[in-house]
Amino acid sequence: MWTQTKTSLLLLLTLTVITGALYPLAVTGMAQVIFPDKANGSLIFKNGHPVGSTLIGQPFDDPKYFWGRPSATGPFPYNAAASSGSNLGPTNDALLKAVQDRIAALKAADPENSAPVPVDLVTASGSGLDPHISPAAAEYQMHRVAKVRGLEVAKLRALVTAHTQGRQFGLFGEPRVNVLELNLALDEPR
C-alpha cells in the first residue's frame, strides 16, 4: 500500500511541476518571442501610454468621434470581465425598444442624415466587446463627424478607407473598421 501511495504522490508532484509550471512558462515564453504584440493584449499606445486594445471596444458618445457597436456587458459597457450578449431574442420587446432608442439617438445626433441605420450601430455583438463596425456604419456616421470637426467628407472617407481591414485571409468574415484606431487617427494633427 505504501508503494502505491508513494508512486501516486510522486506522479502528482511531477505532473504538477510539468503542467502547472514548466508548460505554462514555455508557452508564455514562446508567445512573447513569436507574437509579442498579441501575447500582451494587442495594446494601442499613444504618447507611450496604453489607451486601449485592438480587441476590445470602448464607448464613444461625443459627436466628433465614430461610435462603435452598443455593448450589452454589465455593469458598464465594454466590461471585459463580463463579456456577454443581451440574451434578448428578435421578438423581445426590450430588444425592440433598445433598438428604437438607439436609432433615435443616432438620428438626434445627425438629423440631416436620412440614410438607413446599419444594423451594427443598433445591436450589440454576441460578446458585447466588439471593437469594430462595418464600413457601412462608418459611412453612416461620416457626415456627423465631418460636420463637427470641420473636415471634408472626402478626406474623412479616405481616412476610413485607410483603417478598413479586409476579410481574414481574403476569405473569412467581413470588412471592418476598428473604431478606436480610427478615432485616434482623427485626433492626430493634420
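Above this text you will find the structure in question.
Visitor: What should I look at first to understand the overall build of the protein in this one?
Guide: From N to C terminus, the protein includes 6 helices and 5 strands. Element order for the protein, N to C, with α for helix and β for strand: α-α-β-β-α-β-α-α-β-β-α. A compact globule built from 190 residues would reach a C-alpha radius of gyration of about 16 Å, whereas the protein, at 23 Å, exceeds it by more than 25%. Judged by the C-alpha coordinates and their principal axes, the protein covers about 85 × 45 × 35 Å. Within the protein, residue pairs in contact and separated by at least 24 positions form 56% of the contacts whose partners lie at least 6 positions apart. Both charge centroids of the protein, one from 16 positive and one from 15 negative side chains, sit 4 Å from each other.

Visitor: Hey, could you run me through the side chain of S42 in this one?
Guide: By secondary structure assignment, the location of S42 is in the loop between α2 (36-39) and β1 (43-46). You can call S42 buried: its relative accessible area is 6%. In contact with S42, other than residues within four places in its own chain, are D37, G52, S53, T54 and L55.

Visitor: It is not clear to me how the packing of helix α4 (residues 135-149) against helix α5 (residues 153-162) should be interpreted in this structure. Could you clarify?
Guide: Packed helices, taken two at a time, are described by the angle their axes make and the gap between the axes. At their nearest, the axes of α4 and α5 sit 10 Å apart, and the two run at 135° to each other. It follows from the interaxial angle that α4 and α5 lie oblique. Crossing hand, α4 versus α5: right-handed. In this structure, α4 uses A138, E139, M142, V145 and A146 to contact α5, whose residues at the interface are V153, L156, R157 and V160.

Visitor: Help me understand unusual backbone geometry, please; the structure alone is not making it clear to me.
Guide: Among all residues save glycine, negative phi is the norm, and among peptide bonds the norm is trans. With an omega of 0°, the peptide bond running from G74 to P75 counts as cis. Relative to the assigned elements, P75 resides in the loop between β2 (49-53) and α3 (93-109). Phi at S42 is positive, roughly 50°, even though this residue is not glycine. With a phi close to 60°, F169 is a non-glycine residue in the positive phi region.

Visitor: For this particular structure, what's the right way to read the sheet that holds strand β3 (residues 132-133)?
Guide: Strand pairing within a sheet occurs via backbone hydrogen bonds; the two strands may be parallel or antiparallel. With antiparallel pairing, 3 strands are arranged side by side in an open sheet as β3-β5-β4. The sheet is open, and its two borders are formed by β3 and β4 (164-165), each paired with just one other strand. Here 2 bridges tie β3 to strand β5 (residues 176-178), and the two strands are oriented antiparallel to one another. By the bridge assignment for β5, H132 is matched with N178. Along the sheet face, helix α6 (residues 179-187) touches β3, β4 and β5 and points at about 60° away from the line of β5.

Visitor: How should the nonpolar core be read in this particular structure?
Guide: Core analysis: the biggest nonpolar cluster contains 27 residues, and F66, I133, L156 and V160 have the highest contact counts within it. If you list the elements that add at least two residues to this core, you get α3, α4, α5 and α6. Leaving out residues up to four positions away in the same chain, V160 has contacts with F66, A138, M142, V177 and L182.

Visitor: Is there a simple way to explain a nonpolar patch on the surface in this structure?
Guide: Residues L10, L11, L13, L15, V17, I18 and L22 make up a contiguous nonpolar surface patch of roughly 660 Å² in combined accessible area. Mapped onto the secondary structure, L13 falls in helix α1 (residues 2-34). What makes L13 exposed here is its relative accessible area of 54%.

Visitor: Whenever I open this one, the side chain of N79 confuses me. Can you help?
Guide: Relative to the elements of secondary structure, N79 occurs in the loop between β2 and α3. Of the residues examined, N79 reaches a relative accessible area of 9% and is grouped as buried. Here the side chain of N79 touches G74 through a polar contact of 2.8 Å, landing on its backbone oxygen. When sequence neighbours within four positions are dropped, the list of residues in contact with N79 reads T73, G74 and L129.

Reading the values: the criteria
- Along each chain, numbering runs from 1 in the same order as the chain's sequence is written.
- Selection of residues for local features in this predicted model requires a pLDDT of at least 70, selection of side-chain atom pairs for listing and counting requires 80 or more, and totals for whole chains, interfaces and linings are taken over all residues.
- Hydrogens and waters are ignored; side-chain quantities use all the structure's heavy atoms.
- Only DSSP runs of H or I covering at least 4 residues are called helices, and only runs of E covering at least 2 are called strands; the numbering of each starts at the N terminus.
- Throughout, the radius of gyration refers to the C-alpha atoms, and the reference size of a globule is 2.2 Å times the residue count to the power 0.38.
- For this analysis, residues touch if any pair of their heavy atoms sits within 4.5 Å.
- His residues and chain termini do not enter the charge count, which takes Lys and Arg as positive and Asp and Glu as negative.
- To locate a charge, take atom NZ for lysine, CZ for arginine, CG for aspartate or CD for glutamate.
- Only protein chains enter the accessibility calculation, which uses a 1.4 Å probe. A residue is then buried if its area is under 20% of the maximum for its type, exposed if over 50%, and partly exposed in between.
- Under this scheme, a helix contributes an axis fitted over its contacting stretch, all axes are lines through C-alpha atoms, and angles between N-to-C directions fall in the 0 to 180 degree range.
- We call two directions roughly parallel when the angle between them is under 35 degrees, roughly antiparallel when it is over 145, roughly perpendicular when it lies between 65 and 115, and oblique otherwise.
- Here a crossing is called left-handed whenever its near helix is offset anticlockwise from the far helix by less than a right angle, and right-handed whenever the offset is clockwise.
- We call two strands paired when DSSP finds no fewer than two bridges between them.
- Put simply, a nonpolar core is a bunch of buried Ala, Val, Leu, Ile, Met, Phe, Trp, Tyr and Cys residues held in one set by side-chain atoms that sit within 4.5 Å of each other.
- Residues form patches when they are more than 30% accessible in relative terms and have no salt bridge. Like charges link within 9 Å. Nonpolar side chains (Val, Leu, Ile, Met, Phe, Trp, Tyr) link within 5 Å.
- Only the protein chains shown count as covering a residue, and every accessible area follows the Shrake-Rupley method with a 1.4 Å probe.
- Salt bridge criterion: a side-chain nitrogen from Lys or Arg within 4 Å of a carboxyl oxygen from Asp or Glu.
- Identification of polar contacts relies on pairs of N or O atoms within 3.5 Å, with a donor-acceptor requirement for protein atoms, meaning one able to donate a hydrogen and the other able to accept it, and with residues adjacent in sequence counted only if both atoms are side-chain atoms.

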